[in-house]
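Architecture and fold: a report
The chain contents come next:
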Amino acid sequence: MIRVFGLFLILTISNVLLTGCWSKTELNELALVSALGIDKNEEGEYVGSLQIINPGSVAGSKSTGQGTASPPVTVYTSTAKNLVGLSRNISAKVSRRLYYAHTGVVVIGEELAREEGISNLLDALDRDPNFRTTTAIIIAKNARARDLIKILTPIDQIPAENVIKMLETNETMSGENINAKTRQVIDALATKERDPVITGVELTREADGGKLESIQQTEPESIVQVGGIALFRNDRLVDWAREKTARGIVFLLNKVKETNISIDWKGNEEAVVYNMIRQQTTVKPVIKNGKPEIDVHVKAEGKIGEVQVAIDLSNPDTLKSIEQEVNKEIQGELSKAIEKAKENKTDIFGFGESFHSTYPEQWKRFEKEWNDTYFSELKVNIKVESFIRRTGLRNKPYLKDTN
Amino acid sequence: MEKAKIDAVQLFILIFLFELGSALLVPLAIEAEEDAWLAIFFGMAGGILIFLIFHALYQTYPDSLPTQYMRNIIGNYLGWVLGFAYCLYFLYLSARVLRDFGSMLLTVAYHETPLFIVNLLLILLIIYTVYQGIEVMARTGELLFVILYVLAISGFILIVSSGLINLSNLKPVLEEGILPILKVAITQTIYVPFGEAIAFSVILPYLNNPKKAKKVGIFALCLSGINLMIVMAVNISVLGVNLTKRSQFPLLTTIQSIQIADFLERLDVFFMLALIIGIFIKITIFFYAAVIGLGDLFKVTNVKQLIYPLGLVVLLLSNSIASNISEHIQEGLFIVPIILHFPFQILFPLFLLLIVYLKKRKKNKA
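Residues numbered from 1 in each chain as written. Chains lettered and ligands numbered in written order. Predicted model: local features only at pLDDT ≥ 70, side-chain atom pairs only at ≥ 80, totals over all residues. Heavy atoms only, no water.

Okay, the environment of Thr19(A) next. With respect to the element layout, Thr19(A) can be found in the loop between α1 (2-18) and β1 (30-40). It is 62 Å that separates the C-alpha atoms of Thr19(A) and Val326(A), two residues lying 307 residues apart in sequence. (Helix = DSSP H or I, 4+ residues; strand = E, 2+ residues; numbered from the N terminus.)

Take a look at the structure:
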């Protein structure tokens with residue numbers, strides 16, 4: 001009897017004592033940081049801005065029509081010499097404990113990325129167990145991170161979430177940006193043979209996007225939008241790639257999912273649109289006559305999305321010649337991307353890395369002068385094979401052949 | 001020695017879980033860079049040789065504990081001292097692994113909890129398990145084995161299906177030739193985790209069918225070795241050598257990078273479960289070996305009386321063993337293998353085996 005009682009007592013006590021956490025923090029004691037922006041000021045200090053979720057304004061109460069007066073997020077700013085210091089200084093202004101586990105995006109101001117480089121920024125993020133390194137990282141193009149973080153967004157109320165979704169959707173739909181995660185950027189910084197690329201986000205501003213009125217109309221006064229890909233040399237931003245060049249970069253990194261490629265047809269500019277559905281790009285390093293070369297092979301599959309001229313799509317030969325045009329177009333984009341990288345002497349594609357892993361012996365010879373000599377003189381052989389599988393619901397367009 | 005028996009499957013599972021133990025969680029053999037998995041392979045081969053050495057001793061004295069046959073082989077006094085040294089070695093290793101456990105939990109999740117409390121909770125559980133005896137340990141092992149394997153397989157599927165694996169991270173193979181890899185194998189992986197199976201020399205006499213010991217041991221070492229190779233190869237192919245090297249716990253970082261369909265992410269709990277299961281078994285075996293050995297050396301009639309005081313020793317030792325995680329890990333990588341693992345895992349057993357052999361020859365001649 002005493003045994004049973006003792007056992008019962010032990011079970012009860014351990015239930016009470018072991019299930020509690022040593023340093024528990026309830027949800028209402030946490031300030032959820034949704035975005036972290038970092039800039040630099042004239043004194044050389046970091047200016048950090050935290051976008052913190054206002055729990056009261058995003059909870060379901062909105063639908064009742066009462067509409068709270070405060071915006072869904074609040075931005076706090078402070079300065080310090082390092083990131084942990086930033087966090088500490090900001091916590092002096094916030095009533096709750098800052099919590100980074102749900103940070104959706106890290107924004108870095110362009111000026112900081114250009115002048116000082118980003119390598120000093122990321123260690124705190126890499127080291128802290130709360131912060132997830134799967135968090136997206138972006139560059140505020142032509143702007144301070146602080147300004148970008150302040151902008152309120154419609155549809156997705158929390159601006160950070162809006163930016164992430166925008167990047168993800170845009171990455172799948174257009175293939176013109178790369179949704180770079182903190183970990184990938186750190187990885188590229190730590191790898192000698194590859195330089196990082198980060199997507200830029202810019203804002204079009206007519207008024208102060210930080211005011212609730214900005215989104216209380218059908219056409220918001222400030223909009224955040226994807227603005228190309230930032231090329232880095234080591235840890236410094238050196239150049240921007242936009243549109244087709246940007247897509248070339250994404251192709252070479254084999255990250256394109258879906259995209260539309262417009263081609264000219266018999267003098268009509270961008271008259272046929274090819275909807276690419278999937279692709280596979282392989283990059284193969286080869287050494288010919290002692291010189292490094294890269295073989296790029298793109299295989300794409302898709303359908304016809306739009307035609308603005310009268311062509312007979314039921315004829316397989318026509319499709320063949322469209323495929324040829326698409327091949328040329330993709331090839332051009334890749335060449336542009338490679339030119340851009342060579343110009344800036346930054347091996348963002350990791351060509352050096354692939355040489356290192358395939359030809360470890362010969363790599364030792366290239367290694368020292370890779371970026372300066374070998375990379376900028378690298379011959380890249382591009383081969384594109386695209387296939388049109390379907391033409392949509394119609395074969396011939398309704399347009400009459402005017403020729 | 002208690003009156004108990006375990007069967008071959010249970011022994012297999014105990015060795016397997018013991019080997020995975022903490023080795024699953026740390027950047028094992030990462031000094032071999034891309035070829036870490038090869039270094040683990042060579043370590044495994046060496047570990048099997050070590051197993052064969054103490055298995056040969058076990059075959060000569062199938063019913064006695066190492067502390068008993070050591071006295072038989074090299075005389076009462078010297079044998080006693082060596083046996084005592086082995087018990088201290090096992091106690092020290094249980095404290096080391098306990099410290100591993102504590103610092104991992106503190107780094108990963110419980111930043112503000114004192115190390116002492118975390119270690120106390122686990123050692124209490126281990127004291128209880130050891131108090132219940134080897135049969136309960138073996139049955140617990142069977143249960144945990146299933147859990148760990150389900151976790152491992154589902155984790156592996158999740159990693160593969162989220163498209164994280166990039167095999168080119170494993171290239172180039174043998175960039176600097178085979179020597180650096182052998183060096184890592186000989187200085188590290190052969191001892192931790194494979195050579196540590198020497199603790200099973202205390203467990204082997206409990207096996208109900210001594211003939212199966214050899215096969216079971218080799219098979220368990222192979223399977224755990226293959227598993228460790230896979231884990232390390234997956235870590236490197238997901239994270240790259242550089243990040244794996246910088247990570248205290250690469251497996252955690254690998255698991256954290258799983259992101260499937262916007263909801264299957266942040267699966268840190270996989271790591272935590274693997275951590276607790278593996279380390280629990282590992283400390284339990286070491287601690288049990290020390291307790292049984294000391295009980296035999298000091299002729300304690302009820303071995304269970306030793307468990308509480310020794311548990312306290314392990315707990316205190318685990319707290320005072322190093323002042324920070326870097327010190328702890330550096331000692332484990334570079335000092336302990338040379339001054340403890342090498343003599344206790346290879347030198348002394350070989351020496352004992354040599355004497356047994358010489359004695360036999362003398363007997364045969366006479």
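Membership of the largest hydrophobic core comes to 139 residues, with the highest contact counts inside it found for Leu11(B), Leu17(B), Phe90(B), Phe200(B), Phe271(B), Ile285(B) and Phe287(B). The contact partners of Ile285(B), leaving out residues within four places of it in the chain, are Leu14(B), Phe18(B), Met137(B), Ala199(B), Phe200(B) and Ile203(B). Grouped together as the second largest cluster of nonpolar side chains are 81 residues, Ala246(A), Ile263(A), Ile330(A) and Phe375(A) included. (Core = buried A, V, L, I, M, F, W, Y, C linked by side-chain atoms within 4.5 Å. Buried < 20%, exposed > 50% of the residue type's maximum accessible area, 1.4 Å probe, protein only. Contact = heavy atoms within 4.5 Å.)

Moving on: the interface of chain B and chain A. By a frequent convention, interface size equals the accessible area lost on bringing the separate parts together. Between chain B and chain A, the contact holds 23 residues from the first and 20 residues from the second. Between chain B and chain A the total buried area reaches about 2000 Å² when both faces are included, carbon and sulfur atoms providing 47% of it. At the junction of chain B with chain A, the criterion picks out three salt bridges. Its salt-bridge partner being Asp126(A), residue Arg246(B) comes within 2.6 Å of it at the nearest N-O pair. At the surface where chain B touches chain A, the tally comes to five residue pairs in polar contact (both at pLDDT 80 or more). Those elements that place two or more of their residues in the side of chain B that touches chain A are α4 (76-108), α5 (115-132) and α9 (213-246) of chain B. The element that contributes the greatest number of residues to the side of chain B that touches chain A is α9(B), accounting for five residues. (Buried area = accessible area lost by both parts, 1.4 Å probe. Salt bridge = Lys/Arg side-chain N within 4 Å of Asp/Glu carboxyl O. Polar contact = N/O pair within 3.5 Å; in protein donor to acceptor, adjacent residues only side chain to side chain.)

Here we take up the packing of aromatic side chains. All names here are of chain B. Taken as a whole and judged by the stated rule, the model has 33 aromatic pairs over all chains. A ring pair is formed by Phe 18 and Phe 286, whose centres lie 5.1 Å apart and whose planes are at 70 degrees; its orientation type is edge-to-face. Note that Phe 18 is positioned in helix α1 (residues 8-20) and Phe 286 in helix α11 (residues 268-297), a separation of 268 residues in sequence. Judged by its relative accessible area of 0%, Phe 18 falls in the buried class. Plain terms: the ring middles of Tyr 86 and Phe 344 are 4.9 Å apart, the flat faces sit at 85 degrees to each other, and that makes the pair edge-to-face. (Phe/Tyr/Trp six-rings, centres within 6.5 Å; stacked < 30°, edge-to-face > 60°.)

The next point concerns the sheet that holds strand β13 (residues 379-390) of chain A. Residue and element names in this part refer to chain A. One open sheet holds the four strands; their spatial order is β10-β11-β12-β13, and the pairing between them is mixed. Taken across any chain shown, the strands that pair with only one partner, and hence form the sheet edges, are β10 (259-265) and β13. In this sheet, neighbouring strand axes are inclined to one another by 40 degrees on average, regardless of whether the strands run parallel or antiparallel. Two strands pair when backbone bridges link them, and β10 and strand β11 (residues 268-288) are joined in this way by six bridges, in the antiparallel orientation. Along β11, the bridge assignment pairs Thr 259 with Met 276. (Pairing = 2+ DSSP bridges. Axes fitted to C-alpha atoms, helices over the stretch in contact; angles between N-to-C directions.)

Moving on to the pattern of salt bridges. Counted under the stated rule, the structure contains 28 salt bridges over all chains. Residue Asp268(B) pairs with Arg132(A) through a salt bridge whose shortest N-O separation is 3.7 Å. Taken together, the residues Asp268(B) in helix α11 and Arg132(A) in the loop between α5 (123-127) and β6 (136-140) connect one chain to another. Across the pair, exposure class does not vary: Asp268(B) and Arg132(A) are buried alike. A single network of salt bridges, built from pairs that share partners, joins Lys40(A), Glu115(A) and Glu116(A).

This next bit is on the packing of α4(B) against helix α12 (residues 307-320) of chain B. All names here are of chain B. Between α4 and α12, the shortest axis-to-axis distance is 8 Å and the interhelical angle comes to 55 degrees. Accordingly, the angle class assigned to the pair α4 and α12 is oblique. The handedness of the crossing between α4 and α12 comes out as right-handed. On the side of α4, the interface is formed by Leu 91, Tyr 92, Ser 94, Ala 95, Leu 98 and Arg 99, while α12 contributes Leu 310, Val 314, Leu 315, Leu 317, Ser 318 and Asn 319. Looking at the contact of α4 with α12, its residues break down into eight nonpolar, three polar and one charged. (Parallel < 35°, antiparallel > 145°, perpendicular 65-115°, else oblique. Left-handed = near helix turned anticlockwise from the far one by under 90°. Nonpolar A, V, L, I, M, F, W, Y, C, P; charged D, E, K, R; others polar.)

Taken together, the side chains of Phe5(A), Leu9(A), Ile13(A), Val16(A), Leu17(A), Leu18(A) and Leu121(B) present a nonpolar region at the surface, about 710 Å² in accessible area. Ranked by the residues each element gives to the nonpolar patch, the list is headed by α1(A), at six residues. Here Leu17(A) shows up in helix α1. (Patch = residues over 30% accessible without salt bridge, like charges linked within 9 Å, V, L, I, M, F, W, Y side chains within 5 Å. Areas by Shrake-Rupley, 256 points an atom, 1.4 Å probe, with all protein chains shown as cover.)

Our next topic: helix α6 (residues 134-161) of chain B. Residues and elements named next belong to chain B. Across its 28 residues, α6 extends 40 Å between first and last C-alpha, which sits within 8% of the 40 Å expected from 1.5 Å per residue. Every buried residue of α6 is listed here: Ile 134, Met 137, Ala 138, Gly 141, Leu 144, Phe 145, Leu 148, Leu 151, Gly 155, Leu 158 and Ile 159. At the C-terminal side of α6, Gly 163 shows a positive phi close to 65 degrees. (Expected span 1.5 Å × (residues − 1).)

Here we take up helix α3 (residues 66-74) of chain B. All names here are of chain B. Burial runs high along α3: seven of the nine residues are buried. All of the buried residues in α3 are Pro 66, Thr 67, Tyr 69, Met 70, Arg 71, Ile 73 and Ile 74. Elements that come into contact with the buried residues of α3 comprise α2 (36-60), α4, α8 (200-203), α11 and α13 (325-365).

With that out of the way, let us pick up the domain arrangement of chain A. Residues and elements named next belong to chain A. As far as domains go, chain A holds domain 1 (28-241) and domain 2 (243-403). The centre of domain 1, based on its C-alpha atoms, is set 32 Å off from the matching centre of domain 2. The interface of domain 1 with domain 2 comprises 23 residues on the first partner and 26 residues on the second. Across the interface of domain 1 and domain 2, roughly 2100 Å² is buried in total on both sides, 53% from carbon and sulfur atoms. Inspection of the domain 1/domain 2 interface yields four salt bridges. (Domains from an automatic or database assignment.)

All names here are of chain B. Relative orientation of the contacting elements α5 and α11 amounts to 55 degrees, with a least axis distance of 10 Å. Classified by the angle their axes make, α5 and α11 are oblique. Where α5 crosses over α11, the two elements pack in a sense that is right-handed. Together, Leu 122, Leu 125, Ile 126, Ile 127, Thr 129 and Val 130 of α5 and Ile 279, Phe 280, Ile 283, Thr 284, Phe 287 and Tyr 288 of α11 make up the contact between the two elements. Classifying every residue of the contact of α5 with α11 gives ten nonpolar, two polar and no charged.

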